[in-house]
Amino acid sequence: GGDPHIIIFDGVQYDVHVKGELTFLKSTDPANDFTVQARTVPVKNHPKGPAVTSGVVVHKTGEPTIQVSLGEDTDSAHASVFTVNSNDCPVQLFVDGQARDITTGTGLTDATVQVKGNR
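Below is a short write-up of the structure. (Residues numbered from 1 in each chain as written. Predicted model: local features only at pLDDT ≥ 70, side-chain atom pairs only at ≥ 80, totals over all residues. Heavy atoms only, no water.)

Details of the overall build of the protein chain
For step 1, the next point in the chain: Within the protein chain, the regular secondary structure consists of zero helices and nine strands.
For step 2, the next point in the chain: Helices and strands in the protein chain line up, N terminus first, as β-β-β-β-β-β-β-β-β.
For step 3, the next point in the chain: The proportion of buried residues among the 119 residues of the protein chain is 18%.
For step 4, the next point in the chain: Carbon and sulfur atoms make up 53% of the accessible area of the protein chain, which totals about 9100 Å². (Helix = DSSP H or I, 4+ residues; strand = E, 2+ residues; numbered from the N terminus. Buried < 20%, exposed > 50% of the residue type's maximum accessible area, 1.4 Å probe, protein only. Areas by Shrake-Rupley, 256 points an atom, 1.4 Å probe, with all protein chains shown as cover.)

Pasting the structure below:
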């Protein structure tokens, strides 16, 4: 996989081919600084080097800042390792800059994560 695929609120779809720090979402309300930022990097060992999202940060003043990142490898600090399609995927969670175990904890009971297909 690669080339992060983004669907915006009006249904328009984009494929992101650039690598670097990106703002995926930013409030247009001057009183609301809600933002979603992401980092994209080249896919390792791929001849064409497509981009893949390696981290996402969600920020709003007065709320916890949440960061989810892919670890470099299964030995990455604070990473929980998930197996997807027989591949190990180290995932790191930070809340206000502090590492947290992504497999435990408490939170909102109505929070959901949507997974499409086998990703």
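Anyway, onward from the coordinates.
Description of the pairing of strand β6 (residues 66-70)
For step 1, the next point in the chain: Summarising the sheet, strand β5 (residues 51-59) and β6 pair through four bridges and their orientation is antiparallel. Opposite Val58, over in β6, you have Ile66 as the bridge partner.
For step 2, the next point in the chain: With antiparallel pairing between neighbouring strands as the criterion, β5 and β6 make up a hairpin whose turn holds six residues, including Gly62 at a positive phi of roughly 90 degrees.
For step 3, the next point in the chain: Looking at chain direction, β6 and strand β8 (residues 87-95) are connected through five bridges and run antiparallel. For Val68, the partnering residue across the bridge sits in β8 and is Leu93. (Pairing = 2+ DSSP bridges.)

Some points on the side chain of Thr35
For step 1, the next point in the chain: Along the chain, Thr35 turns up in strand β4 (residues 35-42).
For step 2, the next point in the chain: The exposure class assigned to Thr35 is buried, which follows from its relative accessible area of 13%.
For step 3, the next point in the chain: When sequence neighbours within four positions are dropped, the list of residues in contact with Thr35 reads Leu25, Lys26, Val57, Val58 and His59. (Contact = heavy atoms within 4.5 Å.)

Here's the deal with the side chain of Ser54
For step 1, the next point in the chain: Among the structural elements, Ser54 can be located in strand β5.
For step 2, the next point in the chain: With a relative accessible area of 13%, Ser54 lands in the buried category.
For step 3, the next point in the chain: Excluding anything up to four places from it in sequence, Ser54 contacts Arg39, Thr40, Val41, Val68, Ser69 and Leu70.

Let's talk about a nonpolar patch on the surface
For step 1, the next point in the chain: On the surface, Ile66, Val68, Phe82, Val84 and Ile102 cluster together to form a nonpolar patch covering roughly 320 Å² of accessible area.
For step 2, the next point in the chain: Mapped by element, the contributors of at least two residues to the nonpolar patch are β6 and β7 (79-84).
For step 3, the next point in the chain: Here Phe82 shows up in strand β7.
For step 4, the next point in the chain: The exposure class assigned to Phe82 is partly exposed, which follows from its relative accessible area of 35%. (Patch = residues over 30% accessible without salt bridge, like charges linked within 9 Å, V, L, I, M, F, W, Y side chains within 5 Å. Salt bridge = Lys/Arg side-chain N within 4 Å of Asp/Glu carboxyl O.)

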